[in-house]
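Observations on chain architecture
The chain contents come next:
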4 protein chains.
Amino acid sequence: MSDPETHWQTAITEIRPNEIRLRGYRIDELMGRVTFAQAIYLALTGALPSPEVGRLLDAILVSSIDHGATPPSTLAARAAASTGAPLNAAVAAGVLSINRHHGGAIEDCMGLLRRVIEIAGGAGGALDQAADQVVAEARAAGRRLPGFGHRLHTADPRTARLFALADEAGVAGRGVGSVRAVAQALAAQSGRALPVNVDGAIAAILLDLGIAPGLANAFFIMARVPGLVAQAYEEQTRERPMRAIDPTGAAYDGPAPRALEDA
Amino acid sequence: MSDPETHWQTAITEIRPNEIRLRGYRIDELMGRVTFAQAIYLALTGALPSPEVGRLLDAILVSSIDHGATPPSTLAARAAASTGAPLNAAVAAGVLSINRHHGGAIEDCMGLLRRVIEIAGGAGGALDQAADQVVAEARAAGRRLPGFGHRLHTADPRTARLFALADEAGVAGRGVGSVRAVAQALAAQSGRALPVNVDGAIAAILLDLGIAPGLANAFFIMARVPGLVAQAYEEQTRERPMRAIDPTGAAYDGPAPRALEDA
Amino acid sequence: MSDPETHWQTAITEIRPNEIRLRGYRIDELMGRVTFAQAIYLALTGALPSPEVGRLLDAILVSSIDHGATPPSTLAARAAASTGAPLNAAVAAGVLSINRHHGGAIEDCMGLLRRVIEIAGGAGGALDQAADQVVAEARAAGRRLPGFGHRLHTADPRTARLFALADEAGVAGRGVGSVRAVAQALAAQSGRALPVNVDGAIAAILLDLGIAPGLANAFFIMARVPGLVAQAYEEQTRERPMRAIDPTGAAYDGPAPRALEDA
Amino acid sequence: MSDPETHWQTAITEIRPNEIRLRGYRIDELMGRVTFAQAIYLALTGALPSPEVGRLLDAILVSSIDHGATPPSTLAARAAASTGAPLNAAVAAGVLSINRHHGGAIEDCMGLLRRVIEIAGGAGGALDQAADQVVAEARAAGRRLPGFGHRLHTADPRTARLFALADEAGVAGRGVGSVRAVAQALAAQSGRALPVNVDGAIAAILLDLGIAPGLANAFFIMARVPGLVAQAYEEQTRERPMRAIDPTGAAYDGPAPRALEDA
């Protein structure tokens, strides 16, 4: 290839005969020594995270792996699968249904938190006051705050767990601080609890991990793809083709509640 | 919902207020205690794998996370991204390019290995003879055997690593045995080495893990989605829109070779 | 570009400065002189159809432009749109839901009719007998015949219209003959009418037009894309985001029945 | 279905046994009497256009049906097809590559023209002055104007044809007037011709037809889908799987230049 017009550069993967390097590391050396979650972070940022951060990333990805039959991404994947689509097409239909209103709260909340942090100023600036201001502005404008409240979960169990793991990993910083400050400001100004949901928690932690907001939606996508596979595969193997799928009509008939200790 | 026509069942996820259970386990209990790879296996099969099997699954997913600029899935994702597509659309375009001829060798090889195992009969049956027969048939019919040989890698470094990890995890069984038997039969009959490639190694291990062949392609998809994200994001952030992308025109300019010990 | 590896040929469109030719014809010369339907046939086959055949193609495309809220392709497109997807992503999700069980009957029926014609032999061979044989075989094997019967329409109004237009255009040949023969054989053998549906009628006409069966699904896709656009756009502009879409829950509230004379 | 939550309305298609109505018209009555282009307009807007407007719409759709091997949407569709994707998946990959920088100029140009018309005020307001102002602003801000100029075509042959047909159909109004005014202002201020390209011409005409800008991209998608089918089908039937596709490496080897009179 000597045409200068079509020369280009990439900093992700280097391929030579019998040698594949991801961001400089041999892929066969990574295999068995880092988790998929660590490799994902490496692929996206160029840096290999510590095992503790890896564990936090694993938890983020696990937190969003599936949310049952009602999300539109599940519905789109099942609708495609019910017509005879192969798994990759069903997954693609699901991924195309992850947008502003479904998964997008992570990126929107990152923007909100960045604004709070910016107003608060340097590392020592008070987040509480900045959060108060941002919440007051949003309330005056009648805007909902992304990352807070949930249609179904009044206390999203995934949020507390993510915060605990972020603390353990020593990752919780201005991101987690600002999301907590906004939750407090919201409660104080509105008089009712509107707790941080899983999107808000992920947003805060991704900020503290230095992830670009433009990649936020990708974390939700990567987390949800296995769930979409499971949903589409269940549709393929359990349902008759071309049924009318009412997303609110599903009843759970899987394994009974069990604890990890039983495993 | 009382319309019987729209009632249906799902065994994947159960949602109640403040309680999300994946295959019976509380998702917040899984977070921080199992890896994403383990959760993927749980979502797809209903069973939680041991940490050792989890580590093997992590390695499978890491092995296929990216393969540089030339695969068609990369090209499709970058082509979409170069027009201004959001990440989910670029990823979907990439996922739609994972089919029979790209990723599909895993499922095809699983079919081949199942046939070898079937011919060999019960657990004690000799795989060598069965492999000889299947290879001879394929050669007579002029069929290529999926999972063997590679355009670029004469000794795929990912294969040896996967086999070693499968041995460590105590997973290697008739699947790994049969793929090795086919490689030997191929070498003996053709007189030249056509070693097991990464697809063949994954096929063998998925068989030994009891994964349905219909899910084989999904493993490749789940593994590659982060790579597609990285490729599409690099296109978005590094290249001008609407360039003509020659997949063979890329040069690597990322981090220099480095070893895990440096990390 | 001098790399022989990346040289390739295309017979569709030739681009020169200020000159765009589709299959040899200047696109600006085609504009205003042939319909979109004629240009579609030209793009796919390389031959420009007569205005009469063009009118038949227009009718085929109009026949399948939309089928309301219940088809899975509509559901997938609306599910994507309800999350904030741009129109192209919503349309793509819909297109991914056009497969074997939805639209695919056209290709399957073409295969069936080709078999009838083959059995009947040369132009003079009796289609009735061949149809009898093929229907008897299918009934013995418990196979449904693609292109016959409809869940809702006992006499699909689109079928009669397509046959009439095919007759007018002088197109109806062995394809239309064979689909009619199969319908008669079906009725005779089963004792109940299972008339040709719109897929069967399109299959017969595409055969008579010399379209390759591998393009059959594409005709359905091209016809349905505007319907998917209309459905996704209505979702975007009329519904709140992230609603649970029950495909059987829609009531029509558009223009009252009207006749073309009123236009 | 009696659950009020899942009740919803649609104004597009009404289905009853043996009766399918698009925006109030029986589909079998439309077939053979209106073109696909007219039916598309009906599906999207609810109104049936005159045959003259239908002919203009046909010309718009024909103008954008294909643009050869280099557009990213072609590349994505071919990349998918080269891996063994079915046509619908290849088309979807192509559709996902129609965005802001590819096709999107139509919508952007509609916004620009609306601004010119708004500044000009009522029907009698001078478009020239408004165009001068808008062009001067864009030049001061260093913004390119969408719908003007072309990488390859210095005088896009599709533009003149579209304008002539719009004049014939009596459609050309403030939209066509404003795009011409902007072209003149551009030439006057920059000292070099940057003529209206096909996107600009379509934008102007869609405005004059009363099409919502939110549907602009859809017109490009509907027009291009048959081209994507042709490209993907050629890839399937003419090329070996998994080739490296260099979009600039294609040579045309189809029918020699021919005129419509020869048809």
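1. Let's talk about the relation of the copies chain D and chain C
For the pair chain D and chain C, the best superposition has an RMSD of 0.0 Å and corresponds to a rotation of 180° with a translation of 0.0 Å parallel to the axis. Those values place the two copies in the arrangement expected of a two-fold rotation axis. Residue Ala92(D) of chain D places its C-alpha closer to the rotation axis than any other residue of that unit, at 2.3 Å. A shared interface surface links the copies, since 100% of the contact residues of chain D are contact residues in chain C too.

2. What to know about unusual backbone geometry
Phi is positive for Asn18(B), which is not a glycine, with a value near 65°. With respect to the helices, strands and loops of the structure, Asn18(B) is situated in the loop between strand 2 (13–16) and strand 3 (19–22). You can call Asn18(B) partly exposed: its relative accessible area is 28%. A positive phi angle, near 60°, is found at Met242(C), a position not held by glycine. Within the secondary structure layout, Met242(C) lies in the loop between helix 11 (216–238) and strand 5 (250–252). On the accessibility criterion, Met242(C) (33% relative accessible area) is partly exposed.

3. What about the interface of chain D and chain C?
By a widespread convention, an interface's size corresponds to the accessible area lost as its parts come together. Each partner contributes to the interface: chain D provides 106 residues, whereas chain C provides 106 residues. Each partner contributes to the roughly 9,500 Å² buried at the junction of chain D and chain C, and carbon and sulfur atoms together form 66% of this total. Considering only the side of chain D, the residues that lose the most area to chain C are Trp8(D), Met31(D) and Phe36(D), jointly responsible for 10% of the buried surface there. Linking chain D to chain C there are 0 salt bridges. Linking chain D with chain C are 46 residue pairs in polar contact (both at pLDDT 80 or more).

4. Side note on the confidence of the model for chain A
Taken as a whole, chain A shows an average pLDDT of 94; of its residues, 96% reach a score of 70 or greater. Interface predicted TM-score (ipTM) for the complex: 0.96; the corresponding pTM is 0.96.

5. Describing the packing of helix 9 (residues 174–190) of chain C against helix 10 (residues 198–208) of chain C
All names here are of chain C. The N-to-C vectors of helix 9 and helix 10 enclose an angle of 150°; their axes lie 7 Å apart at closest approach. It follows from the interaxial angle that helix 9 and helix 10 lie roughly antiparallel. Along the contact surface, helix 9 presents Arg174, Gly175, Val176 and Val179, while helix 10 presents Gly200, Ala204, Ile205, Leu207 and Asp208. Along the lines of polarity and charge, the residues of the contact of helix 9 with helix 10 split into 5 nonpolar, 2 polar and 2 charged.

6. Things to note about the sheet that holds strand 4 (residues 25–26) of chain B
Residues and elements named next belong to chain B. Taken in spatial order, the 3 strands make up an open sheet running 2-3-4, and their pairing is antiparallel. Pairing within the sheet leaves two strands with one partner each, and these edge strands are strand 2 and strand 4. Relative to strand 3, strand 2 runs antiparallel, the two sharing 4 bridges. Looking across to strand 3, one finds that Thr13 is bridged to Leu22.

7. Some points on empty space enclosed by the protein
One pass over the structure, following the stated rule, counts 1 cavity of 30 Å³ or more. Each pocket or cavity is described by its volume, and for the largest cavity that value is around 30 Å³. Every residue along the wall of the largest cavity is listed here: Phe36(A), Met222(A), Val225(A), Pro226(A), Phe36(B), Ile40(B), Met222(B), Val225(B) and Pro226(B). When contributions to the lining of the largest cavity are tallied by element, the ones reaching two or more residues are helix 11 (216–238) of chain A together with helix 2 (36–45) and helix 11 (216–238) of chain B. A class-by-class count of the residues in the lining of the largest cavity yields 9 nonpolar, no polar and no charged.

8. Quick word on the pattern of salt bridges
Scanning the model with the defined rule gives 64 salt bridges over all chains in all. For Arg243(A), the salt bridge identified is with Glu235(A), shortest N-O distance 2.8 Å. By relative accessible area, which is 6% here, Arg243(A) ends up buried. Since its relative accessible area comes to 2%, Glu235(A) is described here as buried. Of the charged contacts in the structure, one is a salt bridge between Arg100(C) and Asp108(C), with a shortest N-O distance of 2.8 Å. Taking relative accessible area as the criterion, Asp108(C) reaches 25% and is therefore assigned partly exposed.

9. Comments concerning helix 2 (residues 36–45) of chain D
Most of helix 2 of chain D is tucked away: 9 of the 10 residues are buried. Phi turns positive, to about 90°, at Gly46(D), one or two residues after helix 2 of chain D.

10. Considerations on the side chain of Arg224(C)
Residues and elements named next belong to chain C. Within the fold, Arg224 resides in helix 11. From its side chain, Arg224 meets the backbone oxygen of Ser64 in a polar contact 2.8 Å long. Each residue touching Arg224, except ones within four places of it in the same chain, is listed here: Ser64, Ile65, Asp66, His67, Pro71, Ser73, Ile98 and His102.

Conventions adopted
- Residues numbered from 1 in each chain as written.
- Chains lettered and ligands numbered in written order.
- Predicted model: local features only at pLDDT ≥ 70, side-chain atom pairs only at ≥ 80, totals over all residues.
- Heavy atoms only, no water.
- Least-squares fit on C-alpha atoms with pLDDT ≥ 70 in both.
- Contact = heavy atoms within 4.5 Å.
- Helix = DSSP H or I, 4+ residues; strand = E, 2+ residues; numbered from the N terminus.
- Buried < 20%, exposed > 50% of the residue type's maximum accessible area, 1.4 Å probe, protein only.
- Buried area = accessible area lost by both parts, 1.4 Å probe.
- Salt bridge = Lys/Arg side-chain N within 4 Å of Asp/Glu carboxyl O.
- Polar contact = N/O pair within 3.5 Å; in protein donor to acceptor, adjacent residues only side chain to side chain.
- pLDDT = per-residue confidence, 0-100.
- Axes fitted to C-alpha atoms, helices over the stretch in contact; angles between N-to-C directions.
- Parallel < 35°, antiparallel > 145°, perpendicular 65-115°, else oblique.
- Nonpolar A, V, L, I, M, F, W, Y, C, P; charged D, E, K, R; others polar.
- Pairing = 2+ DSSP bridges.
- 1 Å grid on protein atoms, 1.4 Å probe; cavity = no way out; pocket = protein on both sides within 12 Å on 5 of 7 lines; lining within 4 Å.
- Points joined across faces, edges and corners; volume = space filled by probe spheres on them.

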